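For reference, the chains in residue letters:
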Amino acid sequence: MSVRAFAVSLVALPLALALALAAPARAESCDGLTIRLIRGTGASLVGRIGPRVVFRAADAERFSLDCARPPRLLFHAPVREPQGSYFVLIGLTARVLTGAPEDPVEALARQLHQDSLLTGLPQLGRVGGAVLRCDPGDRPDGFGAGTLCRVAADRSARTAPAQAGRPFPRRRAGLEPGA
C-alpha cells in the first residue's frame, strides 16, 4: 500500500464510521423521546412511520410526535370543546418535550383554544420555552373539524413571557418581516 493510499484510508475510515453511527443516533433520539412521552403521559404507542410516531390517549383522539428537527407534537380532538384532560395532556407533553412548566402551558393552551374559537383564526403563544398554536374547531372549508393544537420548543433566542391572543402571523412570500 502506498503512502498516499494509507493517508486516504486514515481520513476515510473515521469519516465512514461517523456517518454510519449518525443515522442510528437520530433514530435513538426519536425512540428516546417516544419512551419519555409514554412514561410522562401514560399514552400508548399506536405505531411509527418514518419520523412520525402516533399515540393514543383517553383525552385526545390522536396525539402524534413529529421527530423531524425541531420535534413537535400534534393534538387532535374530534369535538369543538374538548374536555379539560385534553389541555392537561398538552401541558404534560410540553414538559417532556421542552422542559416548560405544565401548568402555564395548560393555561395558555386553554386560552389559545378559546381565542381561536372567538376569532376563527389560528392563535400562537409562547411560555417557558414552548411554542403553542391552536386552530379553530370549525373551519369554513369543512376540513379538520374538531380541535387541533401543536407544541414545539421555542427556538427564538429570547424567552418571552406568555404571549397569547394574537393571530398567527401571516406574511407574503418574499417580503421582509417589517414590510
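The structure under discussion appears in the preceding block.
Just so we're clear, the structure is a prediction, and the values are computed from it rather than from any experiment.

By the secondary structure assignment, Ser64 is in strand 3 (residues 60–66). With near-sequence residues (within four places) excluded, Ser64 lies in contact with Arg52, Val53, Val54, Phe55, Arg72, Leu73 and Leu74.

Further remarks concern the nonpolar core. Counting 30 residues, the largest nonpolar core has Ile90 and Leu132 as its most contacted members. Secondary structure elements with two or more residues in this core: helix 1 (3–41), strand 2 (52–57), strand 3, strand 4 (72–77), helix 2 (84–98), helix 3 (102–119), strand 6 (130–135) and strand 7 (147–153). A per-element tally of this core places helix 2 first, with seven residues. Excluding its chain neighbours within four sequence positions, the residues that come into contact with Leu132 are Ile90, Val105, Leu108, Ala109, Leu112, Gln123, Leu124, Gly125, Val127, Arg150 and Val151.

Quick look at the packing of helix 2 against helix 3 now. For the pair helix 2 and helix 3, the least separation of the axes is 8 Å and the interaxial angle reads 130 degrees. Overall, the two elements helix 2 and helix 3 adopt an arrangement that is oblique. In the crossing of helix 2 with helix 3, the sense of the turn from one axis to the other is right-handed. Contact residues: Gly84, Phe87, Val88, Ile90, Gly91, Leu92, Ala94 and Arg95 in helix 2; Glu102, Val105, Glu106, Ala109, Arg110 and His113 in helix 3. Considering only residue class, the contact of helix 2 with helix 3 consists of seven nonpolar, three polar and four charged.

Turning our eyes to something else, we now look at the pairing of strand 4. Burial within strand 4 is extensive, with five of its six residues counted as buried. Here strand 4 pairs with strand 7 via six bridges, running antiparallel. Directly across from Leu74, in strand 7, lies its bridge partner Arg150.

Turning next to the pattern of salt bridges. Two side chains that carry opposite charge are able to pair once their charged atoms sit near each other. Per the counting criterion, the structure on display carries eight salt bridges. One salt bridge connects Arg126 with Asp154, and the closest N-O pair in it is separated by 3.4 Å. Remark: Asp154 occurs in the loop between strand 7 and strand 8 (163–167) and Arg126 occurs in strand 5 (residues 123–127); sequence separation between them is 28 residues. A salt bridge links Arg133 to Asp135, with the nearest nitrogen and oxygen atoms 3.2 Å apart. Sharing partners across several salt bridges, the network here consists of Arg52, Asp66 and Arg72.

About the criteria used
- Residues numbered from 1 in each chain as written.
- Predicted model: local features only at pLDDT ≥ 70, side-chain atom pairs only at ≥ 80, totals over all residues.
- Heavy atoms only, no water.
- Helix = DSSP H or I, 4+ residues; strand = E, 2+ residues; numbered from the N terminus.
- Contact = heavy atoms within 4.5 Å.
- Core = buried A, V, L, I, M, F, W, Y, C linked by side-chain atoms within 4.5 Å.
- Buried < 20%, exposed > 50% of the residue type's maximum accessible area, 1.4 Å probe, protein only.
- Axes fitted to C-alpha atoms, helices over the stretch in contact; angles between N-to-C directions.
- Parallel < 35°, antiparallel > 145°, perpendicular 65-115°, else oblique.
- Left-handed = near helix turned anticlockwise from the far one by under 90°.
- Nonpolar A, V, L, I, M, F, W, Y, C, P; charged D, E, K, R; others polar.
- Pairing = 2+ DSSP bridges.
- Salt bridge = Lys/Arg side-chain N within 4 Å of Asp/Glu carboxyl O.

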